[in-house]
Amino acid sequence: MKPLFRRTLTGAFAGLASSYPLAATNAAPHASLLVGIVLGAAFAAGLGRIRGAYAEGAMAGAALGIPLWILVTCIGVPSLTVGFPPFDADSIRTLFPALVGWTLYGGLLGVLTQAFSEVVDRVAGAESEPAQAQGPASKNVVILGGGFAGMATAAGLEQDLHGGGPVSVTLVSDQNALLFTPMLAEVAGGSLEASHISTPLRSSLHRTEFVRGLAEAVDFERRVVKVSCVGGAPGTAREIPYDHLVLALGSVSNYFGADNIERHSLDFKTLLDASRIRNHVIEMFERADREPDPETRRALVTFVVAGGGFAGVELAGAINDFSRGISADYPAVASGEIRVMLVHSRDRILPELSESLARYAQGRMAARGVDFRLGTRVLDAQPGQVTLSDGVVRTQTLVWTAGTAPNPLLKSFGLETDKRGAAVVESTMAVAGRPGVWALGDCAAVKDGISGKACPPTAQFALRQGAALARNIGCALRGKPLAPFHFDSLGSLCVVGHQTACAEITLPFARSRSLRFSGLLAWMMWRGIYISKLPGLERKARVLLDWTFEIFFPRDIVQTIEPK
Amino acid sequence: MPIPEAQTPSLPAARGSGIDWVEILLAIAVGAAGGALAAAIGHSSIARLGSAGAAFGLVFALALRGKATSPGAGMIWGLGAGYMLWMVLPALAVILHGAGYSTDAMLGESRARFPELVGCITCIGAPVGFCLGVWGTVRSKSAGGFHWGRAIVAGGAAGVIAALIFTRWMYKGDFYPLIYGFGRLESHSGAVVFHFFVACLIGTTFGLLFQRDVRNLGSAMGWGVAYSMFWWFLAHFTLFPLAAGARVDWSSDRASRLFGPIIGHILFGLILGIIYAGVDVVWTRLFVDSDPLNRKRQGPGVNFLLALGWGSAAGFSGGLVSLPLMMHAGMIGRLAGHGAGLHPVFGVCLHLAVSTFIGASYGLLFRGETSNVVFGSLWGLLFGLIWWYAGPMTLLPILRTGECDWTPEAAAAHLPSLVGHLLFGLVTANVFLAFERRYRSWLLEDPRYAALEKRRTRPVATPAPALCLFVIGLGVLLPILLS
């Protein structure tokens, strides 16, 4: 017998046995008995089984008798018989005997529920909860990658498998935190503390086993993943068996084979990259401050950002604000010497946004001091200079955001990839020809289930793909049909400088049309939307505090990473 | 990942394995002596109350053995049991004599038996519980976790601060509810000093008695109210008349005259409990929880924000459900300020906004108090009751007229809205509990954190049910009997 049913039945009998005071003090004795039984059942179900709690039960029951007197005798019965009661002090006083009856009923109910439960325990044996999720898990889901896609899949699986079920989830990632990339430029610009935009995977995922490691190989025949622990000794790789394998490996920077650029530029993908850029900018100012030669000084405070997409534009805006802001602490550096240059191969920045917004962004950034080199390519990079297609720029700083490519591990796994290097998947995100293998996010060529268009490699899509894939894996585990992935973009947001942003919000039910915002309003939308999307209440609070401090205090110029 | 096995909770094992005859004899002796004393003061039958007291002591010692773990816990169990004794015995007599009772006669009889209520509480329930608590502490020799200095300093300071806040309202009218009826004070400054002395005394003894039981701000509020109500019975009915050399009068007529001070005591207890627990919580947060060695899965900030959000949603639900009753009781009109000619819709919006705000305070005060629907409902009812005394009886009149109206007539006028307040508390508590349980079940899925989460919830063996019975029972009974 199920424990809840058993408790309810016991409570009903206890309610019946306790109902005499109710019947004696209320107008309708038979109805009182019925009410007593129902309430007894509810009381026992609500209290649960606590052994030996006679006194607690009696006191709690008696105390609950008082509001029950109000709800049933003072309101319920008159409402059902003669309409809503007049409900004044005199009419309440006339029901005083029933108050005594209810208190007595409650006290008796508390004692008898305990007594009957003890008797039932002796006769039928002690209550036992269903042994849910006991024993070894029979199905293993292994997720490779702890970015938006991997994290959303794990969280979705936890939600979907909530309440037990013989399924274990393991997440393998070389980082122990989820990086909230939309705010990465603010870390590079010194307005946010680095760790505040990262959420520890161990704290966020409650049912998922987290393994900090790198996937070396996948044996699709034996269904195992070979994982080497980060920082572990060679040869200590472990094999993790899987029934379902999720590839959410993300993307890496693509230098298109330009080794010099790769060697002499700063990357902008990870938290460490962002911190390194901030520290590098401060280091350049430190050197420039003691540099007597104007040309060299000018080169030191020249910062080149390659790539005019979201990442490049936001980073250029952030570096521009940061460098011009901290120049007050470096009196030897004139504000006219500072130069932030954005190099982009096309004729306009922000190809993801409409042209009017892109022009607005360019105009605003130019007004704040950003130098644009459109239709220009970065050809080479050497220490102290960057060669562009239209000339040479003397600088110590080149940040590369001009290209990304799916994680090359996919190729080493022997999966079929498209020309970008992304895993070819069906619209359900299942890898064709590899049962139980799924891929999503930046590393997969996911096509929309309705429009058939390729999904862009953005966090917005990765999060939805993760949730959809979790549902599909749940369906696969239960033998149900899978659903193709479909999601219409909600829009795009991009910060271009201090309290200035561009926003393009897609209109619901009119997907071809969008609303465009710019300036302060768009900036407030950016902050509002992204703070709500930032995982974890604690992180939200920390970022809000950072933003508040930023209003009142100058940005910090403490170097936290030793310069190379 | 394995999920921890669900187990039926049990109460902590009672002290010792066999029957403690000393404990039983002590309880019988204290109960009999208390009953006889109550009868002597209340001019009742000594044999009747003396034997009732002895029987009470016997039943109390047997039924609550092992639960009176400290003098404070024993006292709260005693107060609840004392109230039950008064309520149950005559009721049994009425019921067993058949259905031939009349409402007026029963109400009149209850009023006539008011001296017995005072006796049951001050002479039987509280002393028996207190003595068994002292005996339990001595026998188990467990003083671990108790800090005398903290109890005295924090309790005394809380009492004085509560009195200070409280006195701001009372100063204009020269009305000091804590010492109302103490006749020998002629000068105003003397009254002020004596008022603070009594407040400090209540606060200090509160700290000494309940330091182990106070867990959260909300439960501390309940403990404060219960203890302050006990002081109303003890001081106004017995100690002050004795100190003033006057005749001790436990009648319902005198209780009606003391109706204002009972509200004063309830509000004082509320403030006392919150300040005491607040000092305790701040101390714990600053010097204990902040230690990395004591790190919890989530910091207090996250818990605070979660409780705030859940409490707001729960309060809004409570406000919505209690809205029809509040409208019927005329509360919405009063909120909208009919005199100022404001639209009732404004009153509805204001009611929901206030409900949300109060619900948020419930979340902050009562988080982690229980994981059980029955006990959760009790805390909610207690909260609703306290807000009835604090809201329509105190704050609303102060906002409208600048003075609070603590007369039995005002209580009679506001009695219908008490129902709405109780319903509000009930719904708020259960919606909040639903949020809390959902979240906790989430955390409990990981066995590593299950033990930590369980520790944060009040165990079932504390005297919380007795406290709720005492406060809710008297909180509803007194306006009915005395107004």
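Everything discussed here concerns the structure shown above.
Computed from a predicted structure; not experimentally measured.

Asks: What is the right way to read the overall build of chain A from this model?
Replies: Within chain A, the secondary structure is distributed over 18 helices and 24 strands. By the burial criterion, 52% of the 564 residues in chain A qualify as buried. The contacts in chain A between residues at least 6 apart in sequence include a share of 68% that link residues at least 24 apart. In the structure as shown, chain A presents an accessible area of about 24500 Å², 57% of it carried by carbon and sulfur atoms.

Asks: Can you walk me through the overall build of chain B in this structure?
Replies: Of regular secondary structure, chain B possesses 17 helices and 0 strands. In chain B, which comprises 483 residues, the proportion classed as buried is 56%. A separation threshold of at least 6 residues defines the contact pool for chain B, and within that pool the share at least 24 residues apart is 80%. Of the roughly 19100 Å² of accessible surface on chain B, a fraction of 68% belongs to carbon and sulfur atoms.

Asks: When you look at the sheet that holds strand E20 (residues 437–439) of chain A in this model, what are you seeing that I'm missing?
Replies: All names here are of chain A. Spatial strand order, E7-E6-E5-E2-E1-E8-E20: 7 strands in an open sheet with mixed pairing. At either end of the open sheet lies a strand with only one pairing partner, and these are strand E7 (238–241) and E20. Here the strands of the sheet are splayed against their neighbours by 40° on average, with no regard to which way each runs. Helix-sheet contacts for helix H7 (residues 148–160) involve strand E1 (139–144), strand E2 (167–173), strand E5 (208–219) and strand E8 (244–247), and the interaxial angle to E1 is about 155°. In the packing of helix H16 (residues 459–478) onto the sheet, contacts are made with E1, E2, E8 and E20, and the angle to E8 comes to roughly 165°.

Asks: Can you walk me through the pairing of E5 of chain A in this structure?
Replies: Residues in a regular strand point their side chains to alternate faces of the sheet. All names here are of chain A. Alignment of E2 against E5, held across 5 bridges, turns out to be parallel. Bridging across to E5, Leu 171 finds its partner in Phe 210. Here E5 pairs with strand E6 (residues 224–229) via 6 bridges, running antiparallel. The residue bridging Val 218 from the neighbouring strand is Val 225, located in E6. Connecting E5 to the antiparallel partner E6 that follows it, the hairpin turn spans 4 residues, and Arg 223 within it adopts a positive phi of roughly 60°.

Asks: Explanation requested: the nonpolar core in the structure shown.
Replies: Note that soluble globular proteins tend to have their nonpolar side chains buried in a common cluster. Core analysis: the biggest nonpolar cluster contains 162 residues, and Trp 69 of chain A together with Phe 114, Trp 232 and Leu 474 of chain B have the highest contact counts within it. Other than its neighbours up to four places away in sequence, Trp 232 of chain B contacts Phe 114, Phe 237, Ala 255, Leu 258, Pro 261, Ile 262, His 265, Leu 478 and Leu 482 of chain B.

Asks: What am I meant to see in the sheet that holds strand E16 (residues 391–394) of chain A here?
Replies: Hydrogen bonds between backbone atoms are what pair the strands of a sheet, whose relative direction is either parallel or antiparallel. Residue and element names in this part refer to chain A. Read from one edge to the other, the open sheet built from 3 strands follows the order E14-E15-E16, with strand pairing classed as antiparallel. Two strands in the sheet have a free side with no partner beyond their single neighbour: strand E14 (378–382) and E16. The sheet shows a mean angle of 20° between the axes of neighbouring strands, direction not considered. As paired strands, E14 and strand E15 (residues 385–388) are joined by 4 bridges and run antiparallel to one another. By the bridge assignment, Ala 381 is partnered in E15 with Val 386.

Asks: How should I be thinking about the packing of aromatic side chains in this particular structure?
Replies: The geometry of an aromatic ring pair is captured by two quantities: the separation of the ring centres and the angle between the planes. Residues and elements named next belong to chain B. Across all of its chains, the model carries 32 aromatic pairs over all chains by this definition. Centroid distance Tyr 227 to Phe 230: 6.4 Å. Interplanar angle 25°. Geometry classified as stacked. Of this pair, Tyr 227 and Phe 230 are both found in helix H8 (residues 217–243), 3 residues apart, which corresponds to roughly one turn of the helix. Each member of the pair, Tyr 227 together with Phe 230, is buried. With centroids separated by 5.1 Å and ring planes inclined at 70°, the aromatic side chains of Tyr 362 and Phe 383 adopt a geometry described as edge-to-face. Of this pair, Tyr 362 sits in helix H13 (residues 344–366) while Phe 383 sits in helix H14 (residues 373–401), and the two are 21 residues apart along the sequence.

Asks: Mind showing me how you'd approach the pattern of salt bridges here?
Replies: As a working rule, side chains carrying opposite charge can pair if their charged atoms are close by. All names here are of chain A. A full pass over the atoms with the stated rule returns 18 salt bridges over all chains. Residue Glu 355 pairs with Arg 359 through a salt bridge whose shortest N-O separation is 3.3 Å. Here Glu 355 and its partner Arg 359 are both found in helix H14 (residues 355–367), 4 residues apart, which amounts to about one turn of the helix. Note on Arg 359: relative accessible area 36%, which makes it partly exposed. A single network of salt bridges, built from pairs that share partners, joins Glu 186, Arg 527, Glu 550 and Arg 555.

Asks: Explain the packing of helix H5 (residues 114–140) of chain B against helix H17 (residues 464–482) of chain B to me, please; I cannot follow it from the model alone.
Replies: To characterise two packed helices, one gives the angle between the axes of the helices and the distance between these axes. Residues and elements named next belong to chain B. In contact at an axis separation of 13 Å, H5 and H17 are set at 160° when each is read in the N-to-C sense. In terms of orientation, H5 and H17 fall into the roughly antiparallel class. For H5 against H17, the interelement crossing comes out left-handed. Where H5 abuts H17, its residues Phe 114, Leu 117 and Ile 121 lie against Phe 470, Leu 474, Leu 477, Leu 478, Leu 481 and Leu 482. By residue class, the composition of the contact of H5 with H17 is 9 nonpolar, no polar and no charged.

Asks: Sorry, what's going on with the environment of Ala 53 of chain A here?
Replies: Looking at the element boundaries, Ala 53 of chain A is found in the loop between helix H3 (29–47) and helix H4 (54–81). Between the C-alpha atoms of Ala 53 of chain A and Gly 110 of chain A, which are 57 residues apart in sequence, the distance is 8.7 Å.

Asks: Hey, could you run me through the packing of H3 of chain A against H4 of chain A in this one?
Replies: Residue and element names in this part refer to chain A. One can describe the packing of H3 onto H4 by two numbers: an axis separation of 12 Å at closest approach and a directional angle of 130°. By the criterion of interaxial angle, the relationship of H3 to H4 is oblique. Of the two elements, H3 crosses H4, and the hand of that crossing is right-handed. Touching Val 35, Leu 39 and Phe 43 of H3 are Gly 57, Gly 61, Leu 64, Leu 68 and Val 72, all from H4. Per-class residue counts for the contact of H3 with H4 are 6 nonpolar, 2 polar and no charged.

Asks: Explanation requested: the environment of Ala 454 of chain A in the structure shown.
Replies: All names here are of chain A. For Ala 454, the position within the fold is in the loop between strand E21 (444–445) and H16. Take Ala 454: its relative accessible area is 60%, and that puts it in the exposed class. On a C-alpha basis, the gap between Ala 454 and Ser 427 in space is 9.8 Å, while along the polypeptide they are 27 residues apart. Apart from the residues lying within four places of it in its own chain, the contact partners of Ala 454 are Val 446 and Lys 447.

Asks: Just checking my understanding: could you explain helix H6 (residues 96–124) of chain A for this structure?
Replies: For an α-helix, 3.6 residues make a turn, and residues three or four places apart therefore share a direction. In a regular helix each residue adds 1.5 Å, so 29 residues correspond to 42 Å; H6 of chain A covers 41 Å between its end C-alpha atoms and thus fits that length. Following H6 of chain A by one or two positions, Gly 125 of chain A has its phi on the positive side, about 90°.

Criteria and cut-off values
Residues numbered from 1 in each chain as written. Chains lettered and ligands numbered in written order. Predicted model: local features only at pLDDT ≥ 70, side-chain atom pairs only at ≥ 80, totals over all residues. Heavy atoms only, no water. Helix = DSSP H or I, 4+ residues; strand = E, 2+ residues; numbered from the N terminus. Buried < 20%, exposed > 50% of the residue type's maximum accessible area, 1.4 Å probe, protein only. Contact = heavy atoms within 4.5 Å. Areas by Shrake-Rupley, 256 points an atom, 1.4 Å probe, with all protein chains shown as cover. Pairing = 2+ DSSP bridges. Axes fitted to C-alpha atoms, helices over the stretch in contact; angles between N-to-C directions. Core = buried A, V, L, I, M, F, W, Y, C linked by side-chain atoms within 4.5 Å. Phe/Tyr/Trp six-rings, centres within 6.5 Å; stacked < 30°, edge-to-face > 60°. Salt bridge = Lys/Arg side-chain N within 4 Å of Asp/Glu carboxyl O. Parallel < 35°, antiparallel > 145°, perpendicular 65-115°, else oblique. Left-handed = near helix turned anticlockwise from the far one by under 90°. Nonpolar A, V, L, I, M, F, W, Y, C, P; charged D, E, K, R; others polar. Expected span 1.5 Å × (residues − 1).

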